[in-house]
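# Report on the structure
Here's the letter readout for the chains.
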Amino acid sequence: MKKKLSKIILFLGITVSTNCFCQDKESTDITDVTKATFYSPGISYEKRIGKFQSLYAQVCMATSFGIGYSEALGNTSYMRFDPAAILQYRYYYNAAAREAKGKRIEMNSLNYVS
């Protein structure tokens, strides 16, 4: 009986300790994010380089279209897909304020200056 009781106490001690240490606090910080874009078909990647700083790179096909009319040519229309590359430095400035208001901060959904 005593052996069984000590095993139960040991099991409960391990279980309680595990629950105490496995709680994860979300830190206010930015992360590396990869996205697929559909409006301008392509892919983008954002790499964290500091606590609230990142480099954002995007390679896509920039879409453009137009409709026109002239007496000489009549109706004209076009749709183009031009290759484009974008590189930005981003500084996120309001992470603590958004977190205090209970707003979303995951996946770098913060305000930034670029």
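Scroll up for the structure.
Residues numbered from 1 in each chain as written. Predicted model: local features only at pLDDT ≥ 70, side-chain atom pairs only at ≥ 80, totals over all residues. Heavy atoms only, no water.

### Considering the overall build of the protein chain
Defined as follows: Secondary structure elements are defined from DSSP: runs of H or I of at least 4 residues count as helices, runs of E of at least 2 residues count as strands, and each element is numbered from the N terminus. To sort residues, take the accessible area from a 1.4 Å probe on protein chains only and compare it with the maximum for the residue type: under 20% means buried, over 50% means exposed, and anything in between is partly exposed. When checking whether two residues touch, look at their non-hydrogen atoms; a contact exists if any pair is within 4.5 Å. Surface exposure here means Shrake-Rupley accessible area, sampled with a 1.4 Å probe, where a residue is shielded only by the protein chains that are shown.
Helices and strands together make up the secondary structure of the protein chain, namely two helices and five strands. Counted from the first residue to the last, the protein chain has its helices and strands arranged as α-β-β-β-β-α-β. Among the 114 residues that make up the protein chain, the fraction classed as buried is 19%. A separation threshold of at least 6 residues defines the contact pool for the protein chain, and within that pool the share at least 24 residues apart is 32%. Total accessible area on the protein chain is roughly 9200 Å²; 63% of this is exposed by carbon and sulfur atoms.

### With respect to the environment of Arg104
Secondary-structure assignment places Arg104 in the loop between α2 (95–100) and β5 (112–113). When near neighbours in sequence (up to four residues on either side) are disregarded, Arg104 contacts Arg98 and Ser109.

### Some points on the packing of aromatic side chains
Our working rule: For Phe, Tyr and Trp, rings pair up if their centres lie within 6.5 Å, where Trp contributes its six-membered ring, and each pair is then called stacked (planes under 30 degrees apart), edge-to-face (over 60) or tilted (otherwise). By definition here, charges over rings are those cases where NZ of Lys or CZ of Arg is within 6 Å of the ring centre and within 35 degrees of the ring normal.
Inspection of every chain in the model, using the stated rule, returns one aromatic pair. With 5.5 Å between their ring centres and 65° between their planes, Tyr92 and Tyr112 make a pair best called edge-to-face. In this pair, Tyr92 is assigned in strand β4 (residues 74–92) and Tyr112 in strand β5, connecting sequence segments 20 residues apart. Tyr92 sits in the buried class, given a relative accessible area of 1%. It is Arg80 that lies over the ring of Tyr78; its NZ or CZ is 4.7 Å from the centre. The ring of Tyr56 is capped by Arg90, whose NZ or CZ atom sits 4.0 Å from the centre of that ring.

### Observations concerning the pairing of β4
Which entries qualify depends on this criterion: Here a strand pair is declared whenever DSSP counts at least two bridges between the two strands.
In this sheet, β4 lies alongside strand β3 (residues 53–70) in antiparallel orientation, the contact comprising 18 bridges. Bridge pairing links Gln53 to Tyr91 in β4. In this structure, the hairpin formed by β3 and β4 is closed by a connection of three residues. As paired strands, β4 and β5 are joined by two bridges and run antiparallel to one another. In the sheet register, Tyr92 faces β5, and the bridge partner there is Tyr112.

### What to know about the pattern of salt bridges
For clarity, the threshold we go by: Salt-bridge detection follows one rule: a side-chain nitrogen of Lys or Arg within 4 Å of a carboxyl oxygen of Asp or Glu.
Scanning the model with the defined rule gives two salt bridges in all. Residues Asp32 and Lys47 are paired through a salt bridge, measuring 3.1 Å at the closest nitrogen-oxygen approach. Here the residue Asp32 occupies a position in the loop between α1 (2–21) and β1 (33–37), and Lys47 occupies one in strand β2 (residues 42–50), the gap between them amounting to 15 residues. Measuring nitrogen to oxygen at the nearest pair gives 3.6 Å for the salt bridge that ties Glu46 to Arg90.

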